Amino acid sequence: MAKFLVENKGPLRGEVSISGAKNSVLPIMAATLLCNEECIIQDVPALRDVEVMCQILESLGVKVDADFSNNRLSLNATEILHNETPPELAKRMRASILTMGPILARKGSAVVALPGGCAIGARPIDLHLKGFEALGAEIIFGEHHVEARAEKLKGNRIYLDYPSVGATENIITAAVFAEGTTIIENVAEEPEIVDLANYLNKMGAKIKGAGTDTIKIEGVERLHGTTHTVIPDRIETGTFMVAAAITRGDVLIKNVVPDHVRPVIAKLTECGCVVEDTIDGLRVRGDVNPLVATDIKTLPYPGFPTDMQSQFMALLTTVEGQSTVIETVFENRYMHISELNRMGADITHDGRSAIINGGAPLHGSSVMSTDLRAGAALVLAGLVASGTTEVTEIYHIERGYTEFVDKLRGIGAEIRKED
Ligand code: UD1
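Parameters at a glance
- Residues numbered from 1 in each chain as written.
- Predicted model: local features only at pLDDT ≥ 70, side-chain atom pairs only at ≥ 80, totals over all residues.
- Heavy atoms only, no water.
- Helix = DSSP H or I, 4+ residues; strand = E, 2+ residues; numbered from the N terminus.
- Buried < 20%, exposed > 50% of the residue type's maximum accessible area, 1.4 Å probe, protein only.
- Contact = heavy atoms within 4.5 Å.
- Domains from an automatic or database assignment.
- Buried area = accessible area lost by both parts, 1.4 Å probe.
- Salt bridge = Lys/Arg side-chain N within 4 Å of Asp/Glu carboxyl O.
- Pairing = 2+ DSSP bridges.
- Axes fitted to C-alpha atoms, helices over the stretch in contact; angles between N-to-C directions.
- Phe/Tyr/Trp six-rings, centres within 6.5 Å; stacked < 30°, edge-to-face > 60°.
- Polar contact = N/O pair within 3.5 Å; in protein donor to acceptor, adjacent residues only side chain to side chain.

Participant: Please clarify how the environment of Ile 56 should be interpreted in this entry.
Facilitator: Looking at the secondary structure, you find Ile 56 in helix α2 (residues 48–59). Taking the relative accessible area as the measure of exposure, Ile 56 reaches 0% and is therefore buried. For the pair Ile 56 and Ala 90, spaced 34 residues apart in sequence, the C-alpha to C-alpha distance is 7.8 Å. Not counting the four nearest positions on each side in its chain, Ile 56 is found in contact with Thr 85, Leu 89, Met 93, Ser 96 and Thr 99.

Here it is in structure tokens:
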């Protein structure tokens with residue numbers, strides 16, 4: 001099994017460039033199923049999850065031409081052969097559920113394997129299905145799959161009980177061809193939703209309000225091919241910001257949208273970091289002031305992202321004093337705590353709250369990534385732990401970070417992959 005070996009080489013310094021956003025490219029790739037002409041997607045990160053989405057699209061009949069060395073994908077869904085995402089691929093990636101809305105809209109029926117819970121929580125899809133139903137689809141449950149079926153979807157007013165990112169994306173794509181007007185209220189406001197809406201609008205869709213809590217979609221007859229560049233990954237950005245902070249380094253992070261990482265900037269500043277928004281990118285300095293404890297609470301955008309919680313917790317273990325973390329988005333996103341404690345951290349948790357008594361020195365240990373962001377947090381902790389930190393189950397990390405080792409080494413980290 002491949003693992004990362006991480007050593008403490010002191011403060012990270014230099015420049016790193018951020019790749020395209022995983023959570024943008026996946027829904028955008030799925031949305032391409034709506035269009036029967038060639039679409040070009042640029043700044044595509046070379047990630048495991050993107051490869052799986054390519055395989056899913058190919059299995060559905062999409063002509064996929066992937067040029068990962070130039071971060072470019074050409075997708076042509078002239079014909080969609082099936083209405084079912086292969087269960088073995090669907091099981092490999094939860095984002096496979098995002099094919100459901102486009103397939104339903106295009107074929108009148110979509111079948112997907114029921115996504116089970118995952119390490120970070122139950123992650124049901126009730127809100128996705130509620131949206132399809134409101135558009136007139138019939139929902140049929142099998143033992144291991146669910147089907148949405150509708151001869152013709154009709155626009156409707158839909159209220160989401162929770163601003164789920166995936167449900168917002170799936171309902172938008174389902175509604176693109178629906179007759180009349182669809183209004184979705186209490187939707188997710190994440191930048192990835194805006195990117196998806198921009199992509200679809202370039203193809204001829206009529207979507208307004210993305211980035212606010214209400215989205216309005218006028219149904220159109222068809223979409224045409226386009227070229228789109230995905231936004232930079234705000235979670236990769238945040239992870240490198242924390243890498244600079246935790247090592248008390250000085251790193252310039254390029255290809256970023258500062259507005260997308262406002263909560264991370266705010267919390268790092270509260271800790272005592274200096275974050276400068278320069279013409280070249282975000283410069284994060286952890287070497288100016290002594291860092292102090294702070295509290296974070298994860299929330300839907302524009303709140304503090306749950307996908308940055310574990311990395312920030314790693315940082316909080318290194319500052320003197322007590323910090324609190326409250327995770328409100330996922331019910332079980334604390335599996336990195338036992339691993340960080342194994343490295344010498346002092347963290348306790350009860351339900352959704354965790355208390356970090358910071359300042360205890362971290363030491364290298366063999367620790368396991370339990371999910372993508374937890375794995376990144378352990379690598380960050382390894383950058384400041386004494387001795388060697390061995391991070392196992394790194395396939396989780398490779399699902400979401402492109403060239404993680406090379407990018408970290410480029411700013412002075414000592415990390416290597418061992419197979
Ligand atoms: C997306 C991101 C993931 C991020 C998450 C929250 C992608 C590919 N993944 O995941 O990295 O951590 O947003 O920012 O974009 N829920 C329900 N019913 C539903 C749908 C969701 O109860 O039908 C709950 C979930 O269990 C969870 C919460 O809503 O507790 C947030 O989930 P959601 O926003 O849907 O996350 P994802 O789209 O799965």
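Now, onward.
Participant: Any chance you could explain the domain arrangement of the protein here in plain terms?
Facilitator: Interfaces are often sized by the accessible area lost when the parts come together. Domain annotation for the protein reports domain 1 (3–19 + 232–418) and domain 2 (22–229). A straight line from the C-alpha centre of domain 1 to that of domain 2 covers 30 Å. Of the residues lining the interface, 25 residues belong to domain 1; the matching set on domain 2 comes to 19 residues. A buried area of about 1,800 Å², summed over both sides, lies between domain 1 and domain 2, and 52% of it is on carbon and sulfur atoms. The largest per-residue losses of area from domain 1 upon contact with domain 2 belong to Tyr 301, Phe 330 and Arg 399, which jointly make up 29% of the total buried on that side. Viewed at the interface, domain 2 and domain 1 are joined by three salt bridges. For Arg 399, the salt bridge identified is with Asp 49, shortest N-O distance 3.0 Å.

Participant: I keep staring at the sheet that holds strand β8 (residues 145–149) and nothing clicks. Help me out?
Facilitator: Strand-to-strand pairing in sheets goes through backbone hydrogen bonds, with the strands running parallel or antiparallel. Strands sit in the order β6-β8-β7 across an open sheet of three strands; the sheet is antiparallel. If you trace the sheet from one side to the other, it starts and ends with β6 (109–113) and β7 (138–141), each paired once. When the angles between neighbouring strand axes are averaged without regard to direction, this sheet yields 15 degrees. Both β6 and β8 contribute to a ladder of five bridges, which runs antiparallel. Pairing of Ser 109 across the sheet is with Arg 149, part of β8. Packing against the sheet, helix α4 (residues 100–107) makes contact with β6 and β8, and its axis sits at approximately 155 degrees to β6. Sitting on the sheet, helix α5 (residues 126–134) touches β7 and β8, and the angle it makes with β7 is about 140 degrees.

Participant: Help me understand the packing of aromatic side chains, please; the structure alone is not making it clear to me.
Facilitator: Ring pairs (aromatic) are described by centroid distance and by the angle formed between their planes. Scanning the model with the defined rule gives three aromatic pairs in all. With centroids separated by 6.0 Å and ring planes inclined at 75 degrees, the aromatic side chains of Phe 240 and Phe 404 adopt a geometry described as edge-to-face. You can see Phe 240 sitting in helix α8 (residues 234–246) and its partner Phe 404 sitting in helix α14 (residues 404–410), a full 164 residues away along the chain. Overall, the relative accessible area of 1% leaves Phe 240 in the buried class. The exposure class of Phe 404 is buried, given its relative accessible area of 4%. The structure contains a cluster of three or more aromatic residues connected by ring pairs, namely Phe 240, Tyr 401 and Phe 404.

Participant: Please explain the side chain of His 336 as it appears in this structure.
Facilitator: Following the sequence through the fold, His 336 ends up in helix α11 (residues 336–342). Of the polar contacts made by the side chain of His 336, one reaches the side chain of Gln 309; its length is 2.9 Å. Those residues within four positions of His 336 in sequence are excluded, and the remaining contacts are Gln 309, Ser 310, Met 313, Thr 370, Ala 374 and Leu 378.

Participant: It is not clear to me how the pairing of strand β20 (residues 353–358) should be interpreted in this structure. Could you clarify?
Facilitator: Looking along a regular strand, one sees side chains alternate from face to face of the sheet. Here β20 shows a buried face lined by Ala 354, Ile 356 and Gly 358 and an unburied face lined by Ser 353, Ile 355 and Asn 357. Of the pairings in the sheet, the one linking strand β18 (residues 321–326) to β20 comprises six bridges and is antiparallel in character. Paired with Gln 322 across the bridge in β20 is Asn 357. Of the pairings in the sheet, the one linking strand β19 (residues 347–350) to β20 comprises four bridges and is antiparallel in character. Residue pairing in the sheet places Thr 348 in a bridge with Ile 355 of β20.

Participant: Help me understand the sheet that holds strand β15 (residues 274–278), please; the structure alone is not making it clear to me.
Facilitator: Across the sheet, which stays open at both edges, the four strands sit in the order β2-β14-β16-β15 with mixed pairing between neighbours. What marks the edges here is a single partner per strand, and that holds for β2 (13–17) and β15. Here the average twist between neighbouring strands, direction ignored, is 15 degrees. With five bridges joining them, β2 and strand β14 (residues 250–254) adopt parallel strand pairing. Following the sheet pairing, Glu 15 is matched in β14 by Leu 252. The sheet strands contacting α8 are β2, β14, β15 and β16 (281–285), and the helix crosses β14 at an angle near 170 degrees.

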